[in-house]
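Examination of the molecular architecture
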Amino acid sequence: QVQLVESGGGLVQPGGSLRLSCVGSGFTFRQSGMRWYRKAPGKDRELVASITSDGVTTTYVDSVKGRFTISRDNAKTTVYLQMNNLKPEDTAVYYCNRIGIVVPWGQGTQVTVSS
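A few points on the structure. Just so it is clear, the model here is predicted, and its values are computed rather than measured.

A look at the pairing of strand 8 (residues 78-83)
The two faces of a sheet get side chains in turn, since along a regular strand they alternate between them. For strand 8, the buried fraction is high: five of the six residues fall into the buried class. Of the strand pairs in this sheet, strand 3 (residues 18-25) and strand 8 are connected by six bridges, and their pairing is antiparallel. Looking across to strand 8, one finds that cysteine 22 is bridged to valine 79. Sheet topology places strand 7 (residues 68-73) next to strand 8; six bridges connect them, and they run antiparallel. Of the residues in strand 8, the one forming a bridge with phenylalanine 68 is methionine 83. Taking the residues that link successive antiparallel strands as the turn, the strand 7-strand 8 hairpin has four residues, and the phi of threonine 77 there is positive, at about 45°.

Describing the environment of valine 12
Within the fold, valine 12 resides in strand 2 (residues 10-12). Take valine 12: its relative accessible area is 12%, and that puts it in the buried class. C-alpha separation for the pair valine 12 and valine 111, spaced 99 residues apart in sequence, amounts to 7.8 Å. With residues near it in sequence (within four places) discarded, valine 12 still touches Ser17, Leu18, Leu86, Thr112, Val113 and Ser114.

Thoughts on unusual backbone geometry
Look at threonine 77: it is not a glycine, yet its phi comes out positive at around 45°. Looking at where threonine 77 falls in the secondary structure, it is placed in the loop between strand 7 and strand 8. On the basis of relative accessibility, which here comes to 25%, the residue threonine 77 falls in the partly exposed class.

Notes on the sheet that holds strand 8
In spatial order, the strands read 1-3-8-7; together these four strands make up an open sheet with antiparallel pairing. Of all strands in the sheet, those with a lone pairing partner are strand 1 (3-7) and strand 7, marking the two edges. Within this sheet the neighbouring strands show an average axis-to-axis angle of 15°, counted without direction.

Points about the environment of valine 48
As for its position among the elements, valine 48 is in strand 5 (residues 46-51). Judged by relative accessible area, valine 48 falls into the buried class, the value being 1%. Along the primary structure valine 48 and valine 61 are separated by 13 residues, whereas in three dimensions their C-alpha atoms are 5.3 Å apart. Excluding residues within four positions of it along the chain, valine 48 makes contact with Trp36, Tyr37, Arg38, Thr59, Tyr60, Val61, Val64, Phe68, Leu81 and Tyr94.

What to know about the nonpolar core
Residues Met34, Trp36, Phe68, Val79, Leu81, Met83 and Tyr94 are the most contacted members of the largest nonpolar core, which totals 26 residues. Sorting the residues of this core by element identifies strand 3, strand 4 (34-39), strand 5, strand 7, strand 8, strand 9 (92-98) and strand 10 (109-113) as the ones contributing at least two each. Other than its neighbours up to four places away in sequence, methionine 83 contacts Gly16, Ser17, Leu18, Leu20, Arg67, Phe68, Tyr94 and Val111.

What counts and how
Residues numbered from 1 in each chain as written. Predicted model: local features only at pLDDT ≥ 70, side-chain atom pairs only at ≥ 80, totals over all residues. Heavy atoms only, no water. Buried < 20%, exposed > 50% of the residue type's maximum accessible area, 1.4 Å probe, protein only. Helix = DSSP H or I, 4+ residues; strand = E, 2+ residues; numbered from the N terminus. Pairing = 2+ DSSP bridges. Contact = heavy atoms within 4.5 Å. Axes fitted to C-alpha atoms, helices over the stretch in contact; angles between N-to-C directions. Core = buried A, V, L, I, M, F, W, Y, C linked by side-chain atoms within 4.5 Å.

Written out as structure tokens, the structure is:
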């Protein structure tokens, strides 16, 4: 069964940090490029960061460059998103998925940045 399970979200003050995790199963994770997305209320889903299957190449949306870092551990079939210097505009539900053939979306993890 193909599954993505995101975790690590929470409530954090502006300037704070969180580390999100996404565990994938039921597909060839180590051969899959992976992405993090987010969806804020009233907005479309936004691509945040991408990483190639070997973890060598990463890309980011301009608004998170220098603050977020995507990484992966293929042995644990997990992709991470380290988020530093969080801002209120980062508030959203965060999801991960494959690059290319999208698998069923997980439940996401809520990130709320507020004082």
